[in-house]
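Descriptive analysis of the structure
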Amino acid sequence: MTINEKIEEDKIILEIEGKVDSLTTPQLQDAILLSLQKMSHLVLDCEGLNYISSAGLRALLMGQKTAQSKQGNMVLRNVSPTVLSILEMTGFIKILEIE
Amino acid sequence: MDKLEVEAKLDNLYTVLDFVEEKLKAIGFPEENVTKLCIVIEEIFVNIANYAYKEKAGMVSLEVDSKASAIRFVFMDEGIKYNPLDRPDPDITLSADERQIGGLGIFMMKKTMDIVEYEYKDNKNILTMIKFF
């Protein structure tokens, strides 16, 4: 998995590419929390994301809660059908902000 | 039947997933469901790697075989007795604030697989999962 960071006006965009699994999740979690320390608006561009296991979902939940606690937000963009169906299956579709 | 036996540690995750992916490709398993199945395999393997043997080292085996349009996975380990099917499902209707962290992986397994069975025999945890396609 690779993460590419972009800054756009008042928000940070993280482009996630590859698999978010038990081994790569710590890297994503660190990137999310670090971004939310810098700015309270975060976009996760999921165009290149094709796999997310429960470890990754927990990192997204943590990001969502952190963003809320800072009166900011975390938005997922360009979510693939496969990842979307996993978010649906787990009820995360109702928790997360998806564009 | 194909069988893989590795030490139950997180570092072996990709060895396990590569083994499963190769098998799924070989039998022509529908592409759109390969990811979901691999996620289930990850969840079960990671649970065993993290909890089955506590601090000790131990092995885990995974058998895969397919007949007609069904594929069967059997995980076996000699760690502490643990039936993942006993775990209550997470409440997926809760808000972000109320959502609990655990239980998601097992829940995804139940949702994705068509048949799941657990037995404890000869000091082994045996988890069998079948998916029709």
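Rules and cut-offs
- Residues numbered from 1 in each chain as written.
- Chains lettered and ligands numbered in written order.
- Predicted model: local features only at pLDDT ≥ 70, side-chain atom pairs only at ≥ 80, totals over all residues.
- pLDDT = per-residue confidence, 0-100.
- Pairing = 2+ DSSP bridges.
- Helix = DSSP H or I, 4+ residues; strand = E, 2+ residues; numbered from the N terminus.
- Axes fitted to C-alpha atoms, helices over the stretch in contact; angles between N-to-C directions.
- Contact = placed C-beta atoms within 7 Å.

1. Side note on the confidence of the model for chain B
Across chain B, pLDDT averages 95, with 100% of residues at or above 70. Our summary of model confidence lists the complex with pTM equal to 0.95 and ipTM equal to 0.94.

2. Examining the sheet that holds strand β4 (residues 115-121) of chain B
Residue and element names in this part refer to chain B. Strands sit in the order β1-β2-β3-β5-β4 across an open sheet of five strands; the sheet is antiparallel. Only two strands of the sheet have a single partner each, and these edge strands are β1 (2-7) and β4. When strand polarity is set aside, the average angle formed by the axes of neighbouring strands in this sheet is 15 degrees. Pairing between strand β2 (residues 59-67) and strand β3 (residues 70-77): eight bridges, direction antiparallel. Bridge pairing in β3 places S66 opposite I71. Contacts from helix α1 (residues 13-26) reach β1 and β2 within the one sheet, and its direction differs from that of β1 by about 170 degrees.

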